[in-house]
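# Survey of secondary and tertiary structure
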Amino acid sequence: MRIVNAAGRLGLLTDSGVIDVAEASGGRFEAEPQSAYARWDELREWAAQLPAEVRQSAARAVDGKELGAPVPRPGQVFGIGLNYRDHAEEAGLDTSPGSMVVFTKFPSSITGPEAEVALPPGSNDFEAELVVVIGRECHRIVAEDAWEYVAGLTVGQDLSERDTQLGPPAPPQFSLGKSFPGFSPIGPAVVTPDEFEDADDLAIGCVLNGTTMQDSRTKQMIFPVAEMIARLSAVVTLWPGDLIFTGTPAGIGFAREPHVLLRPGDTLVTSIEGIGALTTRFRARD
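Residues numbered from 1 in each chain as written. Predicted model: local features only at pLDDT ≥ 70, side-chain atom pairs only at ≥ 80, totals over all residues. Heavy atoms only, no water.

## Looking at the packing of aromatic side chains
Taken as a whole, this structure holds 4 aromatic pairs when the rule is applied. For the pair phenylalanine 180 and phenylalanine 183, a centre-to-centre distance of 5.3 Å together with 55° between the ring planes defines the contact as tilted. (Phe/Tyr/Trp six-rings, centres within 6.5 Å; stacked < 30°, edge-to-face > 60°.)

## Side note on the side chain of glutamine 157
Residue placement: glutamine 157 occurs in strand S12 (residues 150-157). A polar side-chain atom of glutamine 157 sits 2.7 Å from the main-chain amide nitrogen of glutamate 127. If we skip the residues at most four places from it in the chain, glutamine 157 touches Lys105, Phe126, Glu127, Ala128, Phe183, Ser184, Pro185, Cys206, Phe245, Leu268, Thr270 and Leu278. (Helix = DSSP H or I, 4+ residues; strand = E, 2+ residues; numbered from the N terminus. Polar contact = N/O pair within 3.5 Å; in protein donor to acceptor, adjacent residues only side chain to side chain. Contact = heavy atoms within 4.5 Å.)

## Some points on the sheet that holds strand S9 (residues 114-119)
Judged by pairing direction, the sheet is mixed, and its 5 strands sit side by side in the order S9-S19-S18-S15-S16 without closing on themselves. With partners counted over all chains shown, the strands left at the sheet margins are S9 and strand S16 (211-217), one partner each. The average angle at which neighbouring strand axes cross in this sheet is 20°, direction not considered. Across 6 bridges, the pairing between strand S15 (residues 203-208) and S16 is antiparallel. Within S16, the position partnered with leucine 208 by the bridge is threonine 211. (Pairing = 2+ DSSP bridges. Axes fitted to C-alpha atoms, helices over the stretch in contact; angles between N-to-C directions.)

## Let's talk about the pairing of S15
Between the end of S15 and the start of S16, which pair antiparallel, lie 2 residues, with asparagine 209 showing a positive phi angle near 50°. Pairing of S15 with strand S18 (residues 267-272) involves 5 bridges; the strand directions are antiparallel. For glycine 205, the partnering residue across the bridge sits in S18 and is serine 271.

## What about the side chain of serine 175?
Topologically, serine 175 is positioned in helix H6 (residues 174-177). The residues contacting serine 175, other than those within four sequence positions of it, are Phe103, Thr104 and Phe106.

## So, the nonpolar core
Counting residues in hydrophobic clusters, the biggest one holds 50 residues, and the most contacted among them are Phe126, Leu130, Val132, Leu153, Ile229, Ile244 and Ile275. The biggest single contributor to this core is helix H7 (residues 225-233), with 5 residues. The residues touching isoleucine 244, leaving out its near neighbours within four places in the chain, are Phe78, Ile80, Leu130, Val131, Val132, Ile134, Met228, Ile229 and Leu232. (Core = buried A, V, L, I, M, F, W, Y, C linked by side-chain atoms within 4.5 Å. Buried < 20%, exposed > 50% of the residue type's maximum accessible area, 1.4 Å probe, protein only.)

## Considering the confidence of the model for the protein
Of all residues in the protein, 98% have pLDDT values of 70 or greater, and the mean over the chain is 95. Per-element confidence in the protein ranges from a low mean pLDDT of 78 for helix H4 (residues 85-90) to a high of 99 for strand S17 (residues 243-245). (pLDDT = per-residue confidence, 0-100.)

## Comments concerning H7
The buried count for H7 comes to 7 of 9 residues, which makes it a mostly enclosed element. When we look at burial in H7, the residues that qualify are Val225, Ala226, Met228, Ile229, Ala230, Leu232 and Ser233. Here the buried face of H7 lies against strand S6 (77-81), strand S7 (101-104), strand S11 (128-134), S12 and S17.

## Looking at the environment of glycine 251
Relative to the helices and strands, glycine 251 is located in the loop between S17 and S18. The spatial distance from the C-alpha of glycine 251 to the C-alpha of aspartate 215 is 7.8 Å, given a sequence separation of 36 residues. Discounting residues that sit within four places of it in the chain, glycine 251 has contacts with Glu90, Phe126, Met213, Gln214 and Arg256.

## What about helix H2 (residues 40-48)?
Along an α-helix, a turn takes 3.6 residues, which lines up residues three or four apart on a common side. Taken together, the buried positions of H2 are occupied by Trp40, Leu43, Trp46 and Ala47. Summarising the axial view, the buried residues of H2 lie within an arc of 125°, below the 170-degree limit, and thus occupy one face. Buried residues in H2 make contact with strand S1 (2-6), strand S2 (9-14), helix H1 (21-24), helix H3 (52-57), S12 and strand S14 (184-191). (Arc of directions from axis to C-beta.)

## Focus: the environment of serine 179
Summarising the element assignment, serine 179 is placed in the loop between H6 and S14. For serine 179, a relative accessible area of 11% corresponds to the buried category. Taking the C-alpha atoms as reference points, serine 179 and phenylalanine 106, 73 residues apart in sequence, are found 5.6 Å from one another. Aside from chain neighbours lying at most four places away, what touches serine 179 is Thr104, Lys105, Phe106 and Ser109.

## Quick notes on the environment of glutamate 129
With respect to the helices and strands, glutamate 129 occurs in strand S11. As for glutamate 129 and isoleucine 186, which are separated by 57 residues in sequence, their C-alpha atoms are 9.4 Å apart. When near neighbours in sequence (up to four residues on either side) are disregarded, glutamate 129 contacts Thr154, Val155, Gly156, Asp158, Ile204, Phe245, Thr246, Gly247, Thr248 and Ile272. A polar side-chain atom of glutamate 129 sits 3.3 Å from the main-chain amide nitrogen of threonine 246.

As structure tokens, this is what we get:
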């Protein structure tokens with residue numbers, strides 16, 4: 001199943017186009033996209049039983065530019081740092097399998113798959129990331145059960161203003177440096193795990209102005225998705241619709257010599273195998 005936010009309404013993406021869930025369900029489900037995750041199991045059951053003729057007749061063509069964030073108002077947004085060994089190495093930082101770096105991206109930074117982002121002053125960088133969407137409330141679960149609590153996967157960018165994030169002279173502010181407006185684009189769809197041959201091994205990368213910056217696979221993660229969820233849920237309660245940005249592979253701009261930083265007029269395309277792509281354009285802040 002593939003869920004999208006089509007012009008602000010919950011949509012089911014099919015080979016024929018997008019089905020408006022509220023209309024096709026006769027009002028059983030709300031039109032507001034965030035509402036889907038509180039009833040995720042029920043929505044999946046309904047979608048699986050939707051007759052083929054309804055899938056065909058109710059679908060309409062959709063312009064990618066009308067797609068918004070498929071999870072527009074998550075309750076919690078977690079970020080995992082240094083989760084690819086090659087990225088830790090390029091940053092000159094050591095990482096241990098016994099520890100997992102966790103920060104947050106504030107929900108006000110969420111935007112959609114076709115976004116224009118105003119760049120704040122400073123050193124603005126890119127990080128292609130797989131994003132996990134939680135589908136069931138969970139606390140203190142084991143890794144072996146973790147995928148049962150996943151609604152789906154989507155594409156994300158962990159945009160980062162490094163001067164704020166890293167300091168000095170001020171202390172590091174990871175969450176603030178990664179939470180300017182538009183700094184968390186996600187989309188274009190939330191794709192359920194059963195749609196992938198191997199949800200733990202997906203091609204991931206990003207292209208800046210036509211030049212490949214990052215090119216890797218999610219199997220290179222130090223902490224795979226299930227382990228991440230288990231470790232987070234050992235401390236906090238995860239709620240339906242929460243997001244986990246799972247870390248970035250090597251190739252970020254700030255680790256290059258000279259630095260490759262985002263500038264007004266740049267176009268960044270971020271893609272993950274089996275999900276799709278984000279196109280993020282940048283402008284100067286007013």
